[in-house]
2 protein chains.
Amino acid sequence: MPRDLTFTLDALRAAYAGGLRPEAVVEEAFARLDALNDPGIFLHQARAVALAEARALGSPDGRPLWGIPYAVKDNIDVAGMPTTAACPGFVHVAGADAFVVARLRALGAICLGKTNLDQFATGLVGVRTPYPVPRNAVDPALVPGGSSSGSAVAVARGLVAFSLGTDTAGSGRVPAAFNDIVGLKPSLGALSSAGMVPACRTLDTVSLFAHSVAEAWELFALTAGFDAADPWSRPLPRQQLAPLPPSVTVAVPDEASLRTFGDTAQASHFRATVERLRHGGASVREIDLAPFYAVAELLYTGPWVAERVAAVGARLTEAPETLHETTRVILAPGLKFSAVDTFKGLYRLEELRRACALALDGIDFLCVPTIPCFVTLEEVAADPFEPNSRLGTYTNFVNLLDMCGITVPTGPRPDGRPGSLTVLARKGEDSRAAALALWVERGGAAASPADGPADSEIADGEIAEDEIGIAVCG
Amino acid sequence: MPRDLTFTLDALRAAYAGGLRPEAVVEEAFARLDALNDPGIFLHQARAVALAEARALGSPDGRPLWGIPYAVKDNIDVAGMPTTAACPGFVHVAGADAFVVARLRALGAICLGKTNLDQFATGLVGVRTPYPVPRNAVDPALVPGGSSSGSAVAVARGLVAFSLGTDTAGSGRVPAAFNDIVGLKPSLGALSSAGMVPACRTLDTVSLFAHSVAEAWELFALTAGFDAADPWSRPLPRQQLAPLPPSVTVAVPDEASLRTFGDTAQASHFRATVERLRHGGASVREIDLAPFYAVAELLYTGPWVAERVAAVGARLTEAPETLHETTRVILAPGLKFSAVDTFKGLYRLEELRRACALALDGIDFLCVPTIPCFVTLEEVAADPFEPNSRLGTYTNFVNLLDMCGITVPTGPRPDGRPGSLTVLARKGEDSRAAALALWVERGGAAASPADGPADSEIADGEIAEDEIGIAVCG
C-alpha cells in the first residue's frame, strides 16, 4: 500500500487513519530514494534514526504532523545529525534542533535527513556543491535550482511530504520553480532562524517546500511563532487563510521591464497567467520594475556580500581551499568594502525602499515570474556566474524590501517546462499572498480571486500557543 | 510692553490678541540678544529678513504659530540663509527650507537665525565649534551642552519661544538639561529630516526645545508628518496628548547601574524624582541598565562612527584642516572599519535590542537622569573627550533602540544646578512620554500620573492634514 501512496499531508493522514504505520512510510521513502539513484539529494540520510523515531512515535495524540516524513536543508540544525552547509570543512554535529525543527518534532513529523544546497546557501543554481548535484525532477538537463536544491527535489520526487529550505535571495523560490512545486517564503522574522547557518543574517529566513499551497500554508501556520532567542524573530499577527476581498489589485512588470533573457515561452506563459488573473476579476496594474531591479543589484554588487563573508568567517582568508571555487570568487569582494561603503549602501537601500513603496501604493500584490528563464547544467558549466545571476531577477529584491512571497506552479509551458508564478506581498501579509496563490493553483479562470479558499479544505493556521499575537503593520 | 513679555507661545498669543505686532517681538528678541552680549548663540542672525517677514505676515488667518519667533540649529536648512554645521568650510546658502522649517513657515513662525552647535553635531558639550562657545544660561562655568548648544541657550535665555535642534546621540536632550528647559526628541521618522545635515543618517532626528512640555508637544504635533521625500520618514499614528492609564509602570536604573561619576547630588536628586513618581502612583521597577549601556557603547566604539565619516564626506581625508581638531580625532577611526565589522555591529545591536526589549517587557516608560553629572568648561578644556563621553550615558542608546524621549526640568538641586529627568518610551509613543513629562513638570506629588494633562491646557496635537495616519506598533 505505501508504494502507491502520494506523500502529501492529506494522503498520509488518510492512510494513517486507515491503519498504516509511520515506519512503513519511512521505509517506503528510503526505498523510493534508493530506486531514484540520485546521490545528490541528501547529504545525510537518517535511515536508522528516522525508523526508530517512527517506531517510537506512539499514538497521534492530536499531533497534526504525526508520522509525516520531511527533509531539512543542510544549513539548518537537526539534533544529532551533521550540519555541513555543503562545506565538508564546516561540518559539526548539531547539539540541538533548530527552533523550527524542534517544533516539527513536537508536532510528530519525522526528519529523513539533510539535503544538498549551494554551499553556504550562496547561489540559485544548485550546482555549487562539492557533493553530487541533485538531478532536476522535471528535466535532467536543467539545473535543480538553488540554493535549496535537495529540499526542492526531495519534495518534487515524492520522497517527503514537505521540506525546509532557506531563502535569502530566492533560494526558497527558484528551486520550487525549477521542480514544479510550491515554495513559501515567509515574512522575515515569522519563522525563527535560530539554528540556521546564516547566509546574510539580516535577510535570511527558513522557507517551506510542499505539494500544494494549502499544505504549505498549514505548515507555515504550524511553524511560525515568535522566538525571543532569535533577535530577528518578530511578533507578527496571527494569520488565517481567508478569502480575498472582492477586488484585489495586482501589480505586474510592464512590457519594458519584463526580463526573460530571450526565453519567449517564459514571457508568453507569464502573460497568459496574468490574463487568468485579470479574467478572474483581479485589477492588474503594469508597473516599471526598475527600482526593484536596483534593489536586487545591491545584494551582490554592494556591501551585502560582506554579510556572506561574516557568515563564513575566517575560512575565506585562512582556509579558502575548503570553499567551493565559485563561492570563493563570489565572496572575495566582500572583504574590500568599508564601513562607510556599507552605510552608503544602507542609505541607497532606504531610498529605493521608498521608491518601491510608492510604486506599490494602492496595490495588494506584486506578481512576477519566479524565474526569468531556465538554465541548463551545460550553461552553468560554461559560465558559473552569469546564468546564476539571471535567476535572481525576480527574487533578489524581495527580502531587502521586507516582502513575503509564495511560489506556485502554473502548469507546463508549450515546451513542457514548468510554469511558475510568485505572489509577493508586504511583510505580515503571508496569508493574503497564500490566498491568491491558492486561487492561481486551482486554475483560477472559473472563480474570482475573491472566492478564495474554501475553509473546509485548509487547516486554518492555528499558530502555536506560545505565539505572542501582536498586530504589526506599516 | 514686549520688554516684559515672556516669549512663550501662550504669552505671545495673548499679547498678539491684545494688539502687539510681530515686528515688535522680533525687534525685542534681537534687543535681548544684544543685551546678552553672547556672540556664541547665533552663527547667523537674520535680523533684516525676520523683521521683513514679521511685517509681511498679514493677519493670523488661523495660523497657530503666527508671529512666534524661533531659532534653527545650523545643521538644518532655512532658505536663503547659510548652513555651516559649525564648519566654515562647509558653508552653503540653502536653496530651500528643510521640511520642518517649511511647515513652521506655513504656520506663521518667524526664524530669527541659525544657532551654534558642536561641529557636524558630533559632541554633547557644545564647545566643539570654531566659533565662540554659547554661554550656559544657568551657570557660566558649565558647558552649554551640545550638540544643539545655541538652540537650547536661545530658548533658555528667552530670546525665542522655541527652537529646532537635532538629536542623534543626545544632542536634543543634554543641552536641555544643562539649560533647564524642555527638550523633545521625537521617535525616529516622526519629523522629516529632509534638509538636515546628517550626523548618523540612520539615527538622526530633528528635535524641539521649548519652555514647557505642553508647548513642546504642541510644536511636535504641528511639525510631525510623513514626508515621502525623506526615506527615513515613517507614517506614525496620529497622536494626541491624553491622560495616562490609571497605573503606569516606570523602569529606572537600579542602584548598581545608576552612573553619576561621583556627582552625588545628581544621584540623590534623581532618587527624589523617582520617589515623586512612586508617590504619585507610578509602579516603579528598578532594572539593570547594562544592556542599554552596551548599546550606547556601540555608537562611538563600533562602526557607527563611519556614518559620521560618510556624512562629512571627503573632507576628513582631503581637507582635514577644515575640521575642528576634536571632531577630526573622533571621526578618524571610522575610516578603519570594514563592511564585515559593520554587519557584525548590526548583529550585536540586534541582539542587544532584544535584550533591552525583554528588560522593558511589561514596562511603560524608562526614566533616567538626562545627564549623569555636570561638566565644566574647565574640565573639557583639560580633556576634550572623556567628560563629553560621560554625558551620553543616558542618551546614546536611545535612537539605536528606536525609542522616543522627552527631557523635563525637575527643579534645582541643592547646589542650584538644574535637575532634569528624561522620560523614554517605545517608538510612536511620543504622546505617552509627553503625558508623563507633563505630570513631572507640574510637580507631580499631588496628582497621580493618571490625572495626566487637562485637555483645556494643551493644544491637542492636530497633526497636519497631509499626514497619513496609520497605526504602527510592535
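Within each chain, residues carry numbers counting from 1 in the order of the written sequence. The order in which chains are written sets their letters, starting at A; the order in which ligands are written sets their numbers, starting at 1. Reporting of local features is limited, given that this is a predicted model, to residues whose pLDDT is at least 70; pairs of side-chain atoms are given and counted only at 80 or more, and all residues count toward the totals for whole chains, interfaces and linings. Based on all heavy atoms of the structure, the side-chain values leave hydrogens and waters out of the count.

Colleague: Please set out the overall build of chain A residue by residue, giving values where relevant.
Modeller: Only DSSP runs of H or I with at least four residues qualify as helices, and only runs of E with at least two residues qualify as strands; both kinds are numbered from the N terminus onward. The secondary structure content of chain A amounts to 17 helices and 13 strands. Between the two quantities, the radius of gyration covers C-alpha atoms and the globule rule is 2.2 Å times the number of residues to the power 0.38. The C-alpha radius of gyration computed for chain A amounts to 21 Å, which stays within 12% of the reference 23 Å derived for 474 residues, consistent with globular compactness. Seen through its C-alpha atoms, chain A measures out along the principal axes to roughly 60 × 55 × 45 Å. Residue exposure (1.4 Å probe, protein chains only): buried if accessible area is under 20% of the type maximum, exposed if over 50%, otherwise partly exposed. The 474 residues of chain A split such that 63% are buried. Contact between two residues is taken to exist if any of their heavy atoms lie within 4.5 Å; hydrogens are not considered. Considering only residue pairs separated by 6 or more positions, chain A has 76% of its internal contacts joining residues 24 or more positions apart.

Colleague: Explain the sheet that holds strand β12 (residues 403-412) of chain A residue by residue, including any values.
Modeller: Residues and elements named next belong to chain A. The rule for pairing is simple: two strands pair if DSSP sees at least two bridges between them. Strand order in this open sheet of eleven strands is β1-β5-β2-β6-β8-β7-β12-β13-β11-β9-β10, and the pairing throughout is mixed. Of all strands in the sheet, those bounded by a partner on one side alone are β1 (42-45) and β10 (283-287). For this sheet the average axis-to-axis angle between neighbouring strands, irrespective of direction, equals 25°. Both β12 and strand β13 (residues 418-426) contribute to a ladder of nine bridges, which runs antiparallel. Bridge pairing links cysteine 404 to alanine 425 in β13. Against the sheet, helix α3 (residues 47-55) engages β1 and β5 (110-115), with an angle of about 165° to β5. A fitted line through C-alpha atoms serves as each axis, taken over the contacting stretch for helices, and the angle formed by two N-to-C directions is quoted from 0 to 180°.

Colleague: Break down the interface of chain A and chain B for me, with residues and values.
Modeller: Opposite the 34 residues of chain A that make contact, chain B presents 33 residues. Throughout, the accessible surface (probe 1.4 Å) given up by two parts as they are put together, summed over both, is called the buried area. Carbon and sulfur atoms supply 70% of the area buried between chain A and chain B, which totals about 2,700 Å² over both sides. Of all residues in chain A, the largest losses of buried area upon contact with chain B belong to Phe343(A), Tyr347(A) and Arg354(A), amounting jointly to 25% of the total for that side. For this document, the term salt bridge refers to a Lys or Arg side-chain nitrogen within 4 Å of an Asp or Glu carboxyl oxygen. Linking chain A with chain B are two salt bridges. Arg201(A) is the partner of Glu351(B) in a salt bridge, and the nearest nitrogen-oxygen pair spans 3.4 Å. Residues adjacent in sequence count toward polar contacts only when both atoms are side-chain atoms; beyond that, a polar contact is any pair of N or O atoms within 3.5 Å, and within protein one must be able to donate a hydrogen and the other to accept it. In this assembly, chain A and chain B are joined by 16 residue pairs in polar contact (both at pLDDT 80 or more). Of the residues forming the side of chain A that touches chain B, the biggest block, eleven residues, is contributed by helix α13 (residues 339-359) of chain A.

Colleague: Account for the sheet that holds strand β11 (residues 365-369) of chain B, with residues named and values stated.
Modeller: Residues and elements named next belong to chain B. If you trace the eleven strands from one edge of the open sheet to the other, you get β1-β5-β2-β6-β8-β7-β12-β13-β11-β9-β10, paired in mixed fashion. One side of each edge strand has no neighbouring strand; the edge strands of this open sheet are β1 (42-45) and β10 (283-287). Neighbouring strand axes in the sheet, compared pairwise and without regard to direction, differ in orientation by 25° on average. Sheet analysis places strand β2 (residues 69-73) next to strand β6 (residues 162-166), joined by three bridges and oriented parallel. Opposite tyrosine 70, over in β6, you have phenylalanine 162 as the bridge partner. Contacts between helix α2 (residues 22-36) and the sheet are confined to β1, β2 and β5 (110-115), with β5 contributing the most and set at about 20° to the helix.

Colleague: Report on helix α17 (residues 430-441) of chain A, specifying residues and quantitative values.
Modeller: Residues and elements named next belong to chain A. Relative to the 16 Å expected for twelve residues at 1.5 Å per residue, α17 spans 16 Å between its end C-alpha atoms, a close match to the ideal helical length. The element α17 is extensively covered by neighbouring structure, given that ten of its twelve residues are classed as buried. Regarding α17, the residues found buried are Asp430, Ser431, Ala433, Ala434, Ala435, Leu436, Ala437, Leu438, Trp439 and Val440. With its phi angle positive at about 105°, glycine 443 sits one or two positions after the end of α17. In this scheme, a helix's expected span is set at 1.5 Å multiplied by one less than its residue total.

Colleague: Account for the nonpolar core, with residues named and values stated.
Modeller: Among buried residues, those of type Ala, Val, Leu, Ile, Met, Phe, Trp, Tyr and Cys that are joined through side-chain atoms within 4.5 Å constitute a nonpolar core. Phe162(A), Leu164(A), Leu366(A), Phe162(B), Leu164(B) and Leu366(B) are the most contacted members of the largest nonpolar core, which totals 285 residues. Those residues within four positions of Leu366(A) in sequence are excluded, and the remaining contacts are Ala251(A), Val252(A), Ile287(A), Leu289(A), Phe292(A), Leu360(A), Phe397(A), Met403(A), Thr422(A), Val423(A) and Leu424(A).

Colleague: Now, about the pattern of salt bridges: what can you tell me, with residues and values included?
Modeller: Residue and element names in this part refer to chain A. Within the structure shown, the criterion is met by 40 salt bridges over all chains. Residue arginine 234 pairs with aspartate 402 through a salt bridge whose shortest N-O separation is 2.8 Å. In this pair, arginine 234 is assigned in the loop between α7 (213-223) and β9 (249-253) and aspartate 402 in the loop between α16 (396-400) and β12, connecting sequence segments 168 residues apart. The partly exposed category is assigned to arginine 234, whose relative accessible area is 24%. For glutamate 386, the salt bridge goes to arginine 390, with nearest N and O atoms at 3.0 Å. Within this pair, glutamate 386 and its partner arginine 390 are both found in helix α15 (residues 386-391), separated by four residues, close to a single helical turn. Shared partners join several salt bridges into a network, and the residues in it are Glu53, Asp97 and Arg105.

Colleague: Describe helix α1 (residues 9-17) of chain B, with residues and values.
Modeller: Count 3.6 residues to each turn of an α-helix, and residues three or four apart come out pointing the same way. Residues and elements named next belong to chain B. If you check which residues of α1 are buried, you get Leu9, Leu12, Ala15 and Tyr16. Within α1, the buried residues cover an arc of 135° as seen down the axis, which keeps them to one side. Of the exposed residues in α1, the ones pointing more than 90 degrees away from its buried face are Asp10, Ala14 and Ala17. Remark: glycine 19 follows α1 within two positions and exhibits a positive phi of approximately 110°. In this description, the arc belongs to the directions extending from the helix axis to the C-beta atoms.

Colleague: Got a sec to walk through the relation of the copies chain A and chain B? Specific residues and values, please.
Modeller: Alignment of the copies relies on least squares applied to C-alpha atoms, considering only residues that score at least 70 for pLDDT in both. By a simple turn and slide, chain A fits onto chain B: the slide is 0.1 Å along the axis, the RMSD is 0.0 Å, and the turn is 180°. Here the copies are linked by what is in effect a two-fold axis. In this assembly, 97% of the residues forming the interface of chain A have copies in chain B that are likewise at the interface, indicating an isologous arrangement.

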